[in-house]
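# Structural overview for review
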Amino acid sequence: MNSLTVKIIAALLGVLMVTMLGSQLYYFINEKHDTEEAVLSTINENISFDGVVVRNETVINYSSSGVIDYLYEDGSKVKADDAVAEVYDSEEQILAKRKAQQLDAELAKLDKAQNPGTTNFVQPEVLKNRIDGEYKQMLSRIAKGDYTQLGEDKSDLLMSMNIYDVVTKSESDYNSRVAALTSERNKQSASSAGVKDTIKATKTGYFVSSADGYENQLSIDKIDSITVQQINDIVKSTPQKPANAVGKIYDGYSCKIVGVMDADKRVIEGVYLKLAMSASKNTYDVYVDSVKNCDDGKILVVMSCDKLDEELASTRIASSMIVFDEFTGIRVPRKAIRFNGEQKGVYVILGKDITFKKIDVIYEGDDFVLSKNTDDQRYLLLYDQILLENVRAEDVSSVPDDKESSNSKGEEKKDESS
């Protein structure tokens, strides 16, 4: 091949390459589509507000001097004339009383540990497994930051170890330990003697060892007259304990929770919702009694709660949150949604090919929806390029074929039945 021929071929190849590059550049500039990539999105539109707890409450007053030792945890059921607290002259007496109670509990466990009714019917291997389990439970609670039951767990572990020592003959008995503890218990009991006075429940109900000054302002009996301004004032103010108040009694187990929040179509009368409060680790089921519209796009919501625990019993005002279900799916702009016959979906583009794909809506927002994330090729898939512009019918390469899918399913059912 002579040099002229080579030059001609090289020139033609150069022209061809320039033409190809030019056409691709022209296509890129003139055929660029308005698209959005299909990505996963998680929606959890909880509603935050400051909740005010309302009950029918009766304050317990005590005007004499002294140091009060409460006998019940907050939220405990009491009857009229039950002693809810004792009054002492000093804190030292109360500390001695509690020490004596702790020693009583330890003596009871030692007595059980060396009781023949316990030791004669327990196998060492069973005890060893129990000790391992109780030890691991303590470690688990510590890892989770849950220290509420740690003292009780420790006591149970020590009792199991004491029983194990007697059963395996590491200890013959705990008589000397019992004698020492009994002596100390008697000493502490003597130091705590001399209860100055007793405070009794004025009525049957649920006892709480505090008062905040709102007991006469707020009540379930007056719930219909509570105003937005009243709730806002309570949230912003600092509770003031009334003079001589040492506690109160709730009439009933249930309570009302009132809050001012942004209007939301999910919060309507007659529905059950889930409520979380900063004062508690628990989640509460609440029923929406009423929803009143306010002038500024807010609503005044009254909810009923039939659960009572120590945290909720002692709470008046708490940062609260209505908790809704969490949804995870492929985010689809509303402006991209199209209909192909009865099928709802979007157009996606790959290279020059435009395809209609269905969507399975699991959540609807204001300007978007979430479609179920699937690997079904007939539906919108993760990372598909969603076309936002209008599409001409003649530009569409393909649409989902449900007939083939339904036929195959029918054949599967037929095969299964046969």
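I will try to describe carefully the structure that is included in this document. Source: prediction; values computed, not measured.

## Focus on the packing of aromatic side chains
This structure, assessed with the given rule, holds 6 aromatic pairs. Plain terms: the ring middles of Tyr-70 and Phe-207 are 6.0 Å apart, the flat faces sit at 40 degrees to each other, and that makes the pair tilted. Pair noted here: Tyr-70 is in strand 5 (residues 67-70) and Phe-207 is in strand 9 (residues 205-208), with a separation of 137 residues, a long-range link. You can call Phe-207 buried: its relative accessible area is 1%. Grouping aromatic residues by their ring pairs yields a cluster made of Phe-327, Tyr-363 and Phe-368. Stacked on the ring of Tyr-250, the Lys or Arg Arg-55 has its end atom at 4.2 Å from the ring centre. Just above the ring of Phe-324 sits the side chain of Arg-266; from NZ or CZ to the centre is 3.8 Å.

## Some remarks on the nonpolar core
In terms of nonpolar packing, the biggest core is built from 21 residues, with Ile-257, Val-267, Met-277, Met-303 and Ile-322 touching the most fellow members. Secondary-structure elements contributing two or more residues to this core are strand 3 (47-54), strand 11 (255-262), strand 12 (272-277), strand 13 (283-293), strand 14 (298-305) and strand 15 (317-323). By residue number, the principal contributor to this core is strand 14, which donates 4 residues. If near-sequence neighbours (up to four positions away) are discounted, Ile-322 is found in contact with Asn-46, Ile-47, Phe-49, Met-261, Val-267, Leu-273, Lys-274, Leu-275 and Met-303. With 13 residues, the next largest nonpolar core counts Ile-223, Ile-231, Val-260 and Leu-300 among its residues.

## A few points about the sheet that holds strand 13
Strand order in the closed barrel formed by 6 strands is 3-11-14-13-12-15, and the pairing between neighbours is antiparallel. Each strand axis lies, on average, 45 degrees off the axis of its neighbour in the sheet, ignoring direction. With 4 bridges joining them, strand 12 and strand 15 adopt antiparallel strand pairing. The partner of Lys-274 across the bridge, within strand 15, is Val-323.

## A few points about the pattern of salt bridges
Applying the stated criterion across every chain yields a total of 23 salt bridges. A salt bridge links Asp-153 to Arg-141; the nearest nitrogen and oxygen atoms lie 2.5 Å apart. Residue Asp-153 is found in helix 5 (residues 150-167), and its partner Arg-141 is found in helix 4 (residues 124-144); the two are separated by 12 residues along the sequence. For Asp-153, a relative accessible area of 8% gives the class buried. A salt bridge links Glu-215 to Lys-248, with the nearest nitrogen and oxygen atoms 2.9 Å apart.

Scoring rules and cut-offs
- Residues numbered from 1 in each chain as written.
- Predicted model: local features only at pLDDT ≥ 70, side-chain atom pairs only at ≥ 80, totals over all residues.
- Heavy atoms only, no water.
- Phe/Tyr/Trp six-rings, centres within 6.5 Å; stacked < 30°, edge-to-face > 60°.
- Helix = DSSP H or I, 4+ residues; strand = E, 2+ residues; numbered from the N terminus.
- Buried < 20%, exposed > 50% of the residue type's maximum accessible area, 1.4 Å probe, protein only.
- Lys NZ or Arg CZ within 6 Å of the ring centre and 35° of its normal.
- Core = buried A, V, L, I, M, F, W, Y, C linked by side-chain atoms within 4.5 Å.
- Contact = heavy atoms within 4.5 Å.
- Pairing = 2+ DSSP bridges.
- Axes fitted to C-alpha atoms, helices over the stretch in contact; angles between N-to-C directions.
- Salt bridge = Lys/Arg side-chain N within 4 Å of Asp/Glu carboxyl O.

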